[in-house]
Amino acid sequence: MPASLEVPQLVIHQPARDEAEAVQLAALARLVEAAEPLPDLRDLAPAVRELFPAPAYEVGCGGAHVWLHRQGESRRLAFIS
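The shown structure was predicted, so the numbers you read here are calculated from the model rather than taken from an experiment.

Undergrad: A description of helix α1 (residues 19–34) should follow, citing residues and the corresponding values.
TA: With 16 residues, α1 should reach 22 Å at 1.5 Å per residue; the first-to-last C-alpha distance of 23 Å fits that figure. Within the sequence span of α1, burial applies to Glu21, Gln24, Leu25, Ala27, Leu28 and Val32. Taken down its axis, α1 places every buried residue within 160° of arc, on the same side. With respect to the buried face of α1, the exposed residues turned more than 90 degrees away are Glu19, Arg30, Glu33 and Ala34. Summarising the contacts, the buried residues of α1 are in contact with β1 (10–12), α2 (45–51), β2 (57–62), β3 (65–70) and β4 (76–80). The N-capping residue of α1, defined by a side-chain oxygen 3.3 Å from the backbone nitrogen of Ala20, is Asp18.

Here is the structure:
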């Protein structure tokens, strides 16, 4: 039985802290908007890591989500589900 396809949805939890991060978040929104429905959202994680590189950001994922934190902060910056 084929896996169901999920249309990725982005939720930004915090405002950008500066203009550079605002540009990154806008690029993330475009990335998610352009994404095809996916059976596993982990496929988006490499592109998110490219937009928000370590060590300034942490990107984690599971099959149904991708999360983004600023390094050293416990509150999520963004979440893709």
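Undergrad: Talk me through the pattern of salt bridges; I want residue IDs and the actual numbers.
TA: Under the counting rule described, the total for this entry stands at four salt bridges. In this structure, Arg17 engages Glu21 in a salt bridge whose closest nitrogen and oxygen atoms are separated by 3.5 Å. Of the charged contacts, one joins Arg70 and Glu73 as a salt bridge, the two residues approaching to 3.4 Å between their closest N and O atoms. When salt bridges that share partners are traced, they join Arg17, Glu21, Arg70 and Glu73 into one network.

Undergrad: Which residues make up the nonpolar core, and what values do they have?
TA: The biggest cluster of nonpolar side chains holds 16 residues, and the ones touching the most others in it are Leu28, Leu44, Val48, Phe52, Val66, Leu68 and Ile80. Listed by contribution, the elements that provide at least two residues to this core are α1, β2, β3 and β4. Setting aside residues no more than four positions away along its own chain, Leu68 makes contact with Leu28, Phe52, Tyr57, Glu58, Val59, Arg76, Leu77 and Ala78.

Calculation rules
- Residues numbered from 1 in each chain as written.
- Predicted model: local features only at pLDDT ≥ 70, side-chain atom pairs only at ≥ 80, totals over all residues.
- Heavy atoms only, no water.
- Helix = DSSP H or I, 4+ residues; strand = E, 2+ residues; numbered from the N terminus.
- Expected span 1.5 Å × (residues − 1).
- Buried < 20%, exposed > 50% of the residue type's maximum accessible area, 1.4 Å probe, protein only.
- Arc of directions from axis to C-beta.
- Contact = heavy atoms within 4.5 Å.
- Polar contact = N/O pair within 3.5 Å; in protein donor to acceptor, adjacent residues only side chain to side chain.
- Salt bridge = Lys/Arg side-chain N within 4 Å of Asp/Glu carboxyl O.
- Core = buried A, V, L, I, M, F, W, Y, C linked by side-chain atoms within 4.5 Å.

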